[in-house]
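Tertiary structure, described
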Amino acid sequence: MSTTISSRVRKRLVFFVRKGKFSDFIVMALSIGVFLALWYIASDLLHTVYFPNPSTVFDALMNSFTYSNPQVGVLLMGQNIAASMTRFLEGFALAFIVALPVGLLMGYLRYAYDVGSPIVEIFRPIPPIAWVPFFIILLGPLVGPIWVIFLGAFFPILSNVIFGVRSVDNTLLDAAKTLGAKRITIFSKVVLPYTIPFIMAGVTIGVGIAWMCIVAAEMLGAEGGGVGSYIRVNSDLNNFPAMFAGMVVIAALGLITLGVARLLEKQVSPWRGK
Amino acid sequence: MSMLSISNLEKVFTKGKGEEQLLAIKDFNLEVEEGQFICLLGPSGCGKTTLLRIVAGLEFQTRGTILINGKTITGPGSDRGMVFQEFGLFPWRTARKNIEFGLELRKVPAKERQTISQKYIELVGLKGFEDAHPYELSGGMKQRVGIARALANDPAVLLMDEPFGALDAQTRNLMQKELLRIWKETKKTVLFVTHSVDEACFLADRIVVMTSRPGAIKEIFPIDWERPRDRASVEFANLRKRILAELEREVIAGPTAPINPTDKV
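Residues numbered from 1 in each chain as written. Chains lettered and ligands numbered in written order. Predicted model: local features only at pLDDT ≥ 70, side-chain atom pairs only at ≥ 80, totals over all residues. Heavy atoms only, no water.

Moving on: the overall build of chain A. Within chain A, the secondary structure is distributed over ten helices and zero strands. Written out in order from the N terminus, the α and β elements of chain A read α-α-α-α-α-α-α-α-α-α. Relative to the globule expectation of 19 Å for 274 residues, the C-alpha radius of gyration of chain A, 24 Å, shows a markedly less compact shape. Taking the principal axes of the C-alpha coordinates as reference, chain A spans close to 75 × 70 × 30 Å. A total of 274 residues make up chain A; the buried ones form 42% of that total. Taking contacts inside chain A between residues at least 6 apart in sequence as the whole, the part at least 24 apart equals 69%. Total accessible area on chain A is roughly 15,500 Å²; 71% of this is exposed by carbon and sulfur atoms. Within chain A, the 12 negative side-chain charges are centred at a point lying 17 Å from the centre of the 20 positive side-chain charges. (Helix = DSSP H or I, 4+ residues; strand = E, 2+ residues; numbered from the N terminus. Rg over C-alpha atoms; globule rule 2.2 N^0.38 Å. Buried < 20%, exposed > 50% of the residue type's maximum accessible area, 1.4 Å probe, protein only. Contact = heavy atoms within 4.5 Å. Areas by Shrake-Rupley, 256 points an atom, 1.4 Å probe, with all protein chains shown as cover. Lys, Arg positive; Asp, Glu negative; His and termini not counted. Charge placed at Lys NZ, Arg CZ, Asp CG, Glu CD.)

Attention now goes to the interface of chain B and chain A. With 24 residues of chain B at the interface, the matching set in chain A holds 18 residues. Per-residue buried area on chain B facing chain A is highest for B:Trp92, B:Leu105 and B:Tyr135; these three make up 35% of the total on that side. On inspection of chain B and its partner chain A, the count reaches two salt bridges. In this structure, the salt-bridge partner of A:Asp174 is B:Arg53, at a minimum N-O distance of 2.8 Å. Linking chain B with chain A are four residue pairs in polar contact (both at pLDDT 80 or more), by the criterion used here. Counting only elements with at least two residues in the side of chain B that touches chain A, the list comes to helix 1 (48-56), strand 6 (80-83), helix 3 (101-105) and helix 5 (139-152) of chain B. For the side of chain B that touches chain A, the per-class residue count stands at 13 nonpolar, five polar and six charged. (Buried area = accessible area lost by both parts, 1.4 Å probe. Salt bridge = Lys/Arg side-chain N within 4 Å of Asp/Glu carboxyl O. Polar contact = N/O pair within 3.5 Å; in protein donor to acceptor, adjacent residues only side chain to side chain. Nonpolar A, V, L, I, M, F, W, Y, C, P; charged D, E, K, R; others polar.)

Residues and elements named next belong to chain B. A cis amide bond, omega -5°, links Arg213 with the succeeding residue Pro214. In this structure, Pro214 sits in the loop between strand 9 (206-210) and strand 10 (217-222). For the bond from Arg227 to Pro228, the omega torsion is 0°, close enough to zero to count as cis. Within the secondary structure, Pro228 is located in the loop between strand 10 and helix 8 (234-253). Located in the positive-phi region is Phe87, a residue other than glycine, with phi close to 70°. Looking at the element boundaries, Phe87 is found in the loop between strand 6 and helix 2 (95-99). In this structure Phe87 comes out as buried when scored by relative accessible area, which is 13%.

Let us now look at the sheet that holds strand 6 of chain B. In sheet architecture, strand pairing relies on hydrogen bonds along the backbone and comes in two forms, parallel and antiparallel. Residue and element names in this part refer to chain B. Spatially, six strands are ordered 6-7-8-3-9-10 in an open sheet, and the strand pairing comes out mixed. Of all the strands in the sheet, the pair left with one neighbour each is strand 6 and strand 10. For this sheet, the mean angle separating the axes of adjacent strands, direction not counted, is 20°. (Pairing = 2+ DSSP bridges. Axes fitted to C-alpha atoms, helices over the stretch in contact; angles between N-to-C directions.)

Before going further, it helps to examine the nonpolar core. One finds A:Val190, B:Leu4, B:Phe28 and B:Phe90 to be the most contacted residues of the largest nonpolar core, which totals 100 residues. The contact partners of B:Phe90, leaving out residues within four places of it in the chain, are A:Leu172, A:Ala175, A:Ala176, A:Leu179, A:Val190, B:Asn98, B:Phe101, B:Pro134 and B:Arg149. If you look at the next biggest cluster of nonpolar residues, it comprises 49 residues, including B:Leu123, B:Val145, B:Met160 and B:Ala200. (Core = buried A, V, L, I, M, F, W, Y, C linked by side-chain atoms within 4.5 Å.)

Residues and elements named next belong to chain B. Applying the stated criterion across every chain, the model contains zero disulfides over all chains. Here Cys46 stays free of any disulfide, with the sulfur of Cys39 as its closest cysteine sulfur at 13 Å. Judged by relative accessible area, which is 0%, Cys46 ranks as buried. Cys201 forms no disulfide, and the closest cysteine sulfur to it belongs to Cys39, at a distance of 8.7 Å. (Disulfide = S-S within 2.5 Å.)

All names here are of chain A. Positionally, Ser55 belongs in helix 3 (residues 54-64). Put simply, Ser55 and Leu36 are 19 residues apart on the chain and 9.6 Å apart in space, counted from C-alpha to C-alpha. Among the polar contacts made by the side chain of Ser55, one reaches the side chain of Tyr40 at a distance of 3.2 Å.

In this section: helix 4 (residues 110-124) of chain B. All names here are of chain B. The end-to-end C-alpha distance of helix 4 is 21 Å, a good match for the 21 Å that 15 residues give at a rise of 1.5 Å each. By the burial criterion, the buried members of helix 4 are Arg113, Ser117, Gln118, Tyr120, Ile121, Leu123 and Val124. The inward-facing, buried residues of helix 4 contact helix 2, helix 3, helix 5 and helix 6 (169-186). (Expected span 1.5 Å × (residues − 1).)

This part covers the pattern of salt bridges. Within the structure shown, the criterion is met by 22 salt bridges over all chains. Taking the shortest distance from any N to any O, the salt bridge between A:Glu121 and A:Arg124 comes out at 2.6 Å. Accessibility expressed as a relative area gives 34% for A:Arg124, which makes it partly exposed. When salt bridges with common partners are traced through the structure, they connect B:Arg144, B:Glu178, B:Arg181 and B:Glu185 into a single cluster.

So, on to the sheet that holds strand 2 (residues 20-32) of chain B. Residues and elements named next belong to chain B. Read across the sheet, four strands follow the order 2-1-4-5 without closing on themselves; strand pairing throughout is antiparallel. Single-partner strands in this sheet number two, and they are strand 2 and strand 5 (71-72). On the sheet, helix 1 packs against strand 1 (4-15), strand 2 and strand 4 (63-68) and is oriented at approximately 115° with respect to strand 1.

Per the stated rule, a full pass over the model turns up 22 aromatic pairs over all chains. Centroid distance A:Tyr108 to A:Phe187: 4.9 Å. Interplanar angle 55°. Geometry classified as tilted. With A:Tyr108 in helix 4 (residues 77-108) and A:Phe187 in helix 8 (residues 183-219), this residue pair connects regions lying 79 residues apart in the sequence. Classification of A:Phe187 as partly exposed rests on a relative accessible area of 22%. An angle of 80° between the planes, with centres 5.5 Å apart, marks the rings of B:Phe37 and B:Trp183 as edge-to-face. Remark: B:Trp183 occurs in helix 6 and B:Phe37 occurs in strand 3 (residues 37-41); sequence separation between them is 146 residues. Assigned by exposure class, B:Phe37 and B:Trp183 land together as buried. Taken together, the ring pairs connect A:Phe35, A:Trp39, A:Phe51 and A:Phe244 into an aromatic cluster. Between A:Arg166 and the ring centre of A:Tyr113, over which it is positioned, the NZ or CZ distance is 3.8 Å. (Phe/Tyr/Trp six-rings, centres within 6.5 Å; stacked < 30°, edge-to-face > 60°. Lys NZ or Arg CZ within 6 Å of the ring centre and 35° of its normal.)

Structure (structure tokens):
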């Protein structure tokens, strides 16, 4: 009797864990719960103003949307989000517009690759953040950060596009040729559609790096607000709960943009990986 | 005059900067009449796929000529359709859109494309699957798309490179029957590469057995039996036995070593 019950329970448990999105949700909620609990405990044990607990940070976060003090450089969180988001979109769009054609060209034409890749290899190892002082001095604190984001997103998109073009299945190229395709139509009807999932993979990686660049650029001296500046200013003001609130906002924005990129990835190439 | 004529074909592959040369095909001569089903059979690495690719225009011979209806081929063209072992379907296109690919390239109007693709969808037995993407299809169904795609261009010759090599035994037998049905309906000339003696005996009007590298014709076996052929019949078994013996001798003899550029090729 007891064995049948336990086996029935086990079956139900296995069913519960393996099937459905609800169990995924529970696991996620649990993991976040554990994280928040650990945060609470750690901040309690350390007992220092530098490390506020989650509820203090939450209060600061709520407060950040209504409190501002322009004289010391504290803007409303809404304004900061708008400023960071604008920089992100501008820098990212720029990176995409440049990296896509350059990558397609370098992937498809042998000599374009031979000419371009040494230059790319020189610049790629330089962390985009290392460019912040240069761009801010050269282009000023308003435009400079956009170019840092540009650099951050440019290389992952570029290398993924090149890789995509170069990894086109030879049988597909042969098939297109035997069906009568010439070099230009092979590019537009085979290479380009084949590369789309790689482009989207580059975009997804680029999004993550772009966010790191935004925060770094804003902390090092952007003008006109931004979540990075908010973190920096509040750390200077010793307002640590607000500083953490800024970090939470960055995490949220990063997750949202990444989510949008992934959604786009699925929309654009549902056949991928199959 | 025959529809496909291959004369004195020779192919040398050059590795690196001409330091090492490999004679892949030598003295290959073959005349194929319109509507014939030819199977090229040979030990692996004997150059049968290379030969097919040269006829397709995907590779170029070192010497010799290939004529299709009296015209020399200089590259790929829609007068030759090819079916690949790995299918080579465009994964972002549905079955129908794959079949219409060649028609799109030739700027056939959409309505006409639809009519033609519908005809071949029905011919190869893809009805109900026209809107499926390749990843939703089984291997056999994928190859049906591959065959329909090659036929949609209405080529003079259908080139098939081990088209059923990636399929399981049952599907393979079924597809062989299907191919014969399609062949009878379209009356195409077929050049079919395989390493399966059984497959060749089941399909071909003539089996061309090739030697080990460098690939040349070792022997041609004409088969005039009626189709469908009975794999279990005595004559079928006898022919298989003879061809297998030929092949075995070639495999044991093995390919010749790479040749030096100083040697006269």
